[in-house]
Amino acid sequence: MAIDPELIDKLLADYHHPEQIIGEKGLLKELTKAVIERALKAELTDHLGYEKHDPVGHGSGNSRNGTSRKKLKGDFGEIELETPRDREGTFEPRIVAKGQTRFSGFDDKILSMYARGMTTREIQAHLEEIYGVEVSPSLISTVTDAVAEEVKCWQNRPLDSLYPIVYLDALYVKIRDNGQVQNRAIYLALGIKLEGNKEVLGIWTSAHEGAKFWLQVLTELRNRGVEDIFIACVDGLKGFPEAIETVYPKTQVQLCIVHLVRASLNYVSWKQRKAVAAELRGIYRAPTAEVAEQQLEEFAGKWDGTHPAISQIWRRNWARITPFFAFSPEIRKVIYTTNAVESLNMTLRKVIKTRAAFPTEEAALKLLYMALRNVAKKWNHVQSWREALNRFQLLWPDRMPALERA
């Protein structure tokens, strides 16, 4: 609904300073108060069925009964409203309901700040500074706790039957337990949907990262509808590939090359790292698995005399290293590293770094979930995804949905 420009001119006739509009006693705040109170009076008139002082109301059985005061917090700051009442107490306002103390949008401000890692104290200070509103820690907790039920629903939602690529990784957070601060693993599963969009499949917590717990995670994914995964990208955790293949026997496990290179460089001095990294690059950037194997033999011939453990790591994991060679160079990077989930972890670490420790696991999951919602809004479609799907069609035609095969 357009506002009459002449009305705006009248309201701004004596405007000289910003405080007159957005200040504590400015026009915006007073106008908000006037509009809400006018709307409340209109709602009461509609409820009673007659205007104020209208003779029709005589003997109607219900009438106006003055007003009550209440404070309302919102984007405009805090205002004191005069809320009209009826004698029978049957009037139920809609624009500002009974018991409501916060106006629409105010809770979103709290959730947005919380999701960006701001502490309760920081949120309090920010709201008071920007909006002139004093809020208690219990109010902030009430608003953020409302997300807990949403987290449960999200964590148990049904999933797609097929995710061509799934990245599995963990990060650690500090959580209080019986008065002691302990590190706990936060497990993340990030899937790429058939359409090429990213989706976080879930978040889980455990005392330590281990293949046994990952087996529970994968079993849960299966129970929630994930029937097949083409490629699972993981780090070098012992027993992890076997855990995946127990639940998804057809899945190709792709070890993260970045993790493998890091593990290899742990065996060499700082002076040698650049040279070793360059030669390892010749292995995983080879055009085919056969050429890569030749590069590995040449690497071993040069470095086994002083650093035999490096080639042994690559040979021991060779079957888990080479699946990405079936794809073109454009899409290999999507497959052979866990960069996607590591980038996600980096974002989450920035959010949780302001917390010395979380009071409970639920508090940690709540914040991480809210942060994930923010991150997901910025995700783009995976590049070269159509080319990847075409390759999947050639490799696993019987596992692609009928719609894709058509």
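Residues numbered from 1 in each chain as written. Predicted model: local features only at pLDDT ≥ 70, side-chain atom pairs only at ≥ 80, totals over all residues. Heavy atoms only, no water.

A tally of regular secondary structure across the chain gives 19 helices and 7 strands. When burial is assessed residue by residue, the chain has 44% of its 406 residues classed as buried. Considering only contacts within the chain whose residues lie at least 6 apart along the sequence, 62% involve residues at least 24 apart. Surface exposure of the chain reaches about 22400 Å², of which carbon and sulfur atoms provide 52%. (Helix = DSSP H or I, 4+ residues; strand = E, 2+ residues; numbered from the N terminus. Buried < 20%, exposed > 50% of the residue type's maximum accessible area, 1.4 Å probe, protein only. Contact = heavy atoms within 4.5 Å. Areas by Shrake-Rupley, 256 points an atom, 1.4 Å probe, with all protein chains shown as cover.)

Secondary-structure assignment places K333 in helix α15 (residues 329-336). Each C-alpha atom, one on K333 and one on R285, is 10.0 Å from the other, the two residues being 48 residues apart in sequence.

Our next topic: the pattern of salt bridges. Scanning the entire structure with this criterion turns up 15 salt bridges. For K193, the salt bridge is made with D160, and the minimal N-O distance between the two is 2.6 Å. Of this pair, K193 sits in the loop between β4 (180-192) and β5 (198-206) while D160 sits in the loop between α7 (147-155) and β3 (162-177), and the two are 33 residues apart along the sequence. The network of salt bridges with common partners includes R157, D160, K193 and E199. (Salt bridge = Lys/Arg side-chain N within 4 Å of Asp/Glu carboxyl O.)

All right, on to helix α10 (residues 257-265) then. For α10, every residue scored as buried is listed here: I257, L260, V261, S264 and L265. Here the buried residues of α10 occupy an arc of 135 degrees about the axis, which is enough to place them on one side. (Arc of directions from axis to C-beta.)

The element β3 is largely enclosed, with a buried count of 12 among its 16 residues. Where β3 and β4 come together, 13 bridges link them in antiparallel fashion. Paired with K174 across the strands is N183, a residue of β4. Linkage of β3 to β4, two consecutive antiparallel strands, is achieved through a turn of 2 residues, within which N178 is found at a positive phi near 55 degrees. (Pairing = 2+ DSSP bridges.)

Turning our attention to the side chain of D169. Secondary-structure assignment places D169 in strand β3. Buried and unpaired, D169 has no salt bridge, with R349 as the nearest side chain of opposite charge at 6.1 Å. If near-sequence neighbours (up to four positions away) are discounted, D169 is found in contact with I186, Y187, L188, W214, D235, V341, E342 and N345. (Lys, Arg positive; Asp, Glu negative; His and termini not counted.)

Read across the open sheet, the 5 strands follow the order β5-β4-β3-β6-β7; overall the sheet is mixed. Two strands bound the open sheet, and with one partner strand each, they are β5 and β7 (252-255). Within the sheet, the average angular offset between the axes of one strand and its neighbour, ignoring direction, is 25 degrees. With 8 bridges joining them, β4 and β5 adopt antiparallel strand pairing. Bridging from a neighbouring strand, G191 pairs with E199 of β5. (Axes fitted to C-alpha atoms, helices over the stretch in contact; angles between N-to-C directions.)

One pair of aromatic rings is described through two measures. These are the centre distance and the angle between the planes. Taken as a whole and assessed by the stated rule, the structure comprises 11 aromatic pairs. Here W154 and Y369 contribute two aromatic rings whose centre-to-centre distance is 5.2 Å and whose plane-to-plane angle is 55 degrees, an arrangement assigned as tilted. Here W154, found in helix α7, pairs with Y369, found in helix α17 (residues 361-376); they are 215 residues apart in sequence, far enough to count as distant. You can call Y369 buried: its relative accessible area is 6%. The interplanar angle of 20 degrees and the centroid separation of 4.9 Å between the aromatic rings of W214 and F240 together place this pair among those described as stacked. Of this pair, W214 sits in helix α8 (residues 211-223) while F240 is found in helix α9 (residues 240-247), placing the two residues 26 residues apart along the sequence. A residue is classified by how much of its surface remains accessible, and W214, at 0% relative accessible area, is buried. Overall, the relative accessible area of 0% leaves F240 in the buried class. Each residue in the set F230, F327, W385, F392 and W396 is aromatic and connected to the rest through ring pairs, giving one cluster. Over the aromatic face of W270 sits the side chain of R273, whose NZ or CZ is 4.3 Å from the ring centroid. (Phe/Tyr/Trp six-rings, centres within 6.5 Å; stacked < 30°, edge-to-face > 60°. Lys NZ or Arg CZ within 6 Å of the ring centre and 35° of its normal.)

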